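Residue strings, one per chain:
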Amino acid sequence: MSKHTPSTDHPTHLPSNRLGKALLATILVLAAMVLIAASLGRGPQTPGTSQAHGATALADDRVIPEQGTRSQTAQTFVEYLDANLARLVATMTPEASEQQRLTEELHAVYERRDYRAAWLGSGPILRRARALHTLLMKKRVHGLEPALYTTYVEGQDIRRLIADIKALEIERHPALTDQLALETRLTLTLLRFTRDLHGGQVEEVDIPDWHKEPVPVDVVAKVSATMEAEDRKELKRRLEPAHEGYIRLAAQVETYRQIADAGGWPRLPEGDTVEVDDAISIPLYEALVERLQAEGDLAPDAMPAPPTPAAMQSVDTAGGAMSDNAASDNAASDNAMADNGADTRRFDATLSQAVERFQARHGLTVDGKLGDNTRRAMNVPAEERLQQIEANLERWRWLPETLPADRISVNVPSFELRGYRNGQLQVEMKVAVGKPSWATPIFEDEVIYAEVNPYWNIPESIADDEVLPALRQDPSYLENQNMEIVPGWNADPSEAILEDVDWNDLGTYGADYRIRQKPGRGNALGQIKFIFPNPHGVYLHDTPAQRAFQKANRAVSHGCVRVSDPLALADFLLGEPDLEEVEEALDHGGQQRIDLNQPMPVELHYWTAFVDDEGRMNFRRDLYGIDEGVTELLDEAIAAEVPAAYEGLVGS
């Protein structure tokens, strides 16, 4: 069979049978090969130029080069990167260290592929490129700033990628350099996005009470795996974090962004506490209904539309409750004034129940009353709630890819402890944590033993601030509190030193002396403590102050975590045989240490925005200002990374 070069013009005759079609396909493939060879012979071109002859699709992304060699098109890609990568990276980030890292990562990714294309050339042209672009355009779902992932090629941002993709799809013979430029832009964007999505946008955390460092992510491995995805669904599965808590929370971003973009929700006026059957002004009624409906605590059709406001004669202008007599009369009328077009509405059971749902989602006292704390929570703007979600998503991204299957997890702002075995929830209980002035540090460690009937070795700060001042005023304070003074940490504490003590000159705390509380039911640590040695002096422990667990706000401790059910926690950590030993020690009253068979990871988290097991969006108070700190760090990261010429794109 003689070889001949086919014309690049349209053929005048097309075979109609299967053999003819196969022959035509063979001819077209040969033509493409000739065109590739012609284009490669001219070497790489600069972006923006087109090839007058021989332009071709990057068609060898599935071709495995011969052993020990590199395909011609792959070599062209290397030459293209050598000539253009520095410029592309420089227009993506102003940071020299980030430019160097992106350059190294991109080469590492393509070295794994022997510089074969990932997004172009197989199946319908650019199908995977379109899938990636669609996913990146939805990155706001993760609360990430789009401007950080923009490749500013010749003044074009990532939103231009789809236009470039469509243009290449339309062209019968797109220029090879145009395809290589798009291939590079997509991968650079994916590298940056993947690192932030899995490792966080903030690399160095300097926030008081925060003692966790973001976990480094193997970006090259993650991106390489993502490149192997065949469709959008698989691409999304490979790229996005796998934590269920993260996925649930990320799904809320768009909802709250829409609320914020639409102007948010109404602000409730200040006023007296409103209870069931109280009469409230129509402006307050309207604002409350709209506010409760905004987040789904009240169904859209749950309340009738209020009448037009009248003279507002008997309701105070601040929107609070009427007088007791007026409220009583209004309640007896069973909303009759609303039917008559009067100027008040009744705060009925339906509204009260909706308020209870709101209170439960915000960690407030669930009483169905519209009080000061509930009004304050309702008046937090939607934009701030969105920032709160984004700050919590960022902290999720600082975690490892997987959490230990066996672990204790304490969420400090929600005052909750959960224990997991093999990834399954086994125990949960209320906890009390450090007050803002004595914050519980956020870190992780391992519980290694339990101590029954423990001594409480009083920290120096508590001794200086509370015990010693009380002791100087009342020498019987130690005896009344079942406390004793013993030698310092390096001495033998077998005997208390109580005689001939100069209360104003005790020496150095810890070195010369220390104060401890003896075991007993009045001991501040209760009857059991669970130790995970750490430099913060924090542990889990029982407490005699059980009334604290009846309160919604349980930020009451000096930093340690008080547990509401220490025996249930002991059962979870030690198992039945050792639990019997605990119970015997409690009966006998002696101090006893019981080691765990295996250390149990304990993680102190700080989630102020999360979706619970029933799918409800929850918010908690930012006890220690950590949300605020993370938001500031994110703002600083954006300001440092986004080139000044493109600052207008931030938030778009």
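This paragraph deals with the overall build of the chain. Broken down by element type, the chain carries 21 helices and 16 strands. Here the chain holds 652 residues, and the buried ones make up 50% of them. The long-range share in the chain, meaning contacts at least 24 apart out of those at least 6 apart in sequence, stands at 72%. When the accessible surface of the chain is summed, it comes to about 31,700 Å², and 48% of that surface belongs to carbon and sulfur atoms.

Of all hydrophobic cores here, the largest spans 71 residues; its most connected members are Ile 408, Ile 515, Leu 540, Leu 569 and Leu 573. Grouped together as the second largest cluster of nonpolar side chains are 61 residues, Leu 88, Leu 197, Tyr 256 and Leu 386 included.

For the structure on display, the rule yields 10 aromatic pairs. Relative to Phe 532, the ring of Phe 443 has its centre 6.0 Å away and its plane inclined at 35°; by these criteria the two rings are tilted. Placement of Phe 443 in the loop between strand 5 (424–434) and strand 6 (444–452) and of Phe 532 in the loop between strand 10 (528–531) and strand 11 (540–541) is noted, with a sequence separation of 89 residues between them. Aromatic rings pair up to connect Phe 77, Tyr 110 and Tyr 115 into one cluster.

Our next topic: the sheet that holds strand 7 (residues 456–457). The strand order across the open sheet built from three strands is 7-9-8, with neighbouring strands paired in antiparallel fashion. The sheet is open, and its two edges are formed by strand 7 and strand 8 (483–487), each paired on a single side. Bridge count for strand 8 against strand 9 (residues 513–517) is five bridges, and the pairing is antiparallel. Following the sheet pairing, Val 486 is matched in strand 9 by Arg 514.

Let us now look at empty space enclosed by the protein. Inspection of every chain in the model, using the stated rule, returns two cavities of 30 Å³ or more. Approximately 90 Å³ is the volume found for the largest cavity. What lines the largest cavity is Leu 197, His 198, Pro 241, Ala 242, His 243, Tyr 246, Trp 396, Arg 397, Leu 399, Pro 400 and Glu 401. Those elements that provide at least two residues to the lining of the largest cavity are helix 6 (176–199) and helix 16 (382–397). The residue makeup of the lining of the largest cavity, split by class, is seven nonpolar, two polar and two charged.

Time to look at the pattern of salt bridges. Side chains that differ in charge, positive against negative, can pair when their charged atoms come close. Per the stated rule, a full pass over the model turns up 30 salt bridges. Here Glu 295 and Arg 361 are joined by a salt bridge, their closest N and O atoms 3.3 Å apart. Of this pair, Glu 295 sits in the loop between helix 11 (282–294) and helix 12 (324–332) while Arg 361 sits in helix 14 (residues 349–361), placing them 66 residues apart in sequence. Among the ionic pairs, Arg 421 bridges to Asp 406, the shortest N-O distance being 3.9 Å. Note that Arg 421 is positioned in strand 4 (residues 416–421) and Asp 406 in the loop between helix 16 and strand 3 (407–411), a separation of 15 residues in sequence. Residue Arg 421 is classed as partly exposed on the basis of its relative accessible area of 29%. In this structure, a network of salt bridges that share partners links the residues Glu 98, Arg 101, Glu 105, Arg 192, Arg 195 and Glu 203.

A contiguous patch of negative charge on the surface is contributed by Asp 571, Glu 576, Glu 580, Glu 583, Glu 584 and Asp 587. Assignment of secondary structure puts Asp 571 in helix 19 (residues 566–574).

What follows is about the packing of helix 2 (residues 72–90) against helix 3 (residues 96–112). Where helix 2 contacts helix 3, the two axes come as close as 10 Å, and the packing angle between them is 150°. With respect to each other, helix 2 and helix 3 are oriented roughly antiparallel. Helix-helix and strand crossings are classified by hand; for helix 2 and helix 3 the assignment is right-handed. Between helix 2 and helix 3, the residues in contact are Phe 77, Leu 81, Leu 85, Val 89 and Ala 90 and Gln 99, Leu 102, Thr 103, Leu 106, His 107 and Tyr 110, respectively. The residue inventory of the contact of helix 2 with helix 3, partitioned by class, reads eight nonpolar, three polar and no charged.

Now for the pairing of strand 6. Pairing analysis gives eight bridges linking strand 6 to strand 14 (residues 592–605), with the strands arranged antiparallel. Bridge pairing in strand 14 links Tyr 449 to Asp 595. Bridging between strand 6 and strand 10 involves four bridges; their strand directions are antiparallel. Bridged to Val 452 within strand 10 is Ile 528.

Look at Phe 415: it is not a glycine, yet its phi comes out positive at around 55°. Here Phe 415 shows up in the loop between strand 3 and strand 4. A residue is classified by how much of its surface remains accessible, and Phe 415, at 6% relative accessible area, is buried. Positive phi outside glycine occurs at Asn 453, with the angle close to 50°.

Once that is clear, we can look at the confidence of the model for the chain. A residue-level look at the chain finds 74% of positions with pLDDT of 70 or above and a mean pLDDT of 80. Note on residues 644–652: pLDDT is under 50 here. Beyond four places in sequence and across chains, it has 17 contacts.

Here we take up the environment of Glu 98. Its place among the elements puts Glu 98 in helix 3. Taking C-alpha positions, Glu 98 is 9.2 Å from Glu 641, a pair spaced 543 residues apart along the chain. The contacts of Glu 98, once residues within four sequence positions are left out, are Thr 93, Arg 192, Arg 195 and Glu 641. For Glu 98, the side chain forms a polar contact with the side chain of Arg 101, separated by 2.9 Å.

Take the environment of Ala 637 next. Along the chain, Ala 637 falls in helix 21 (residues 626–641). Relative accessible area serves as the criterion here: at 16%, Ala 637 is assigned to the buried category. Each C-alpha atom of the pair Ala 637 and Val 202 lies 6.8 Å from the other, and the pair is 435 residues apart in sequence.

Quick notes on the rules
- Residues numbered from 1 in each chain as written.
- Predicted model: local features only at pLDDT ≥ 70, side-chain atom pairs only at ≥ 80, totals over all residues.
- Heavy atoms only, no water.
- Helix = DSSP H or I, 4+ residues; strand = E, 2+ residues; numbered from the N terminus.
- Buried < 20%, exposed > 50% of the residue type's maximum accessible area, 1.4 Å probe, protein only.
- Contact = heavy atoms within 4.5 Å.
- Areas by Shrake-Rupley, 256 points an atom, 1.4 Å probe, with all protein chains shown as cover.
- Core = buried A, V, L, I, M, F, W, Y, C linked by side-chain atoms within 4.5 Å.
- Phe/Tyr/Trp six-rings, centres within 6.5 Å; stacked < 30°, edge-to-face > 60°.
- Pairing = 2+ DSSP bridges.
- 1 Å grid on protein atoms, 1.4 Å probe; cavity = no way out; pocket = protein on both sides within 12 Å on 5 of 7 lines; lining within 4 Å.
- Points joined across faces, edges and corners; volume = space filled by probe spheres on them.
- Nonpolar A, V, L, I, M, F, W, Y, C, P; charged D, E, K, R; others polar.
- Salt bridge = Lys/Arg side-chain N within 4 Å of Asp/Glu carboxyl O.
- Patch = residues over 30% accessible without salt bridge, like charges linked within 9 Å, V, L, I, M, F, W, Y side chains within 5 Å.
- Lys, Arg positive; Asp, Glu negative; His and termini not counted.
- Charge placed at Lys NZ, Arg CZ, Asp CG, Glu CD.
- Axes fitted to C-alpha atoms, helices over the stretch in contact; angles between N-to-C directions.
- Parallel < 35°, antiparallel > 145°, perpendicular 65-115°, else oblique.
- Left-handed = near helix turned anticlockwise from the far one by under 90°.
- pLDDT = per-residue confidence, 0-100.
- Polar contact = N/O pair within 3.5 Å; in protein donor to acceptor, adjacent residues only side chain to side chain.

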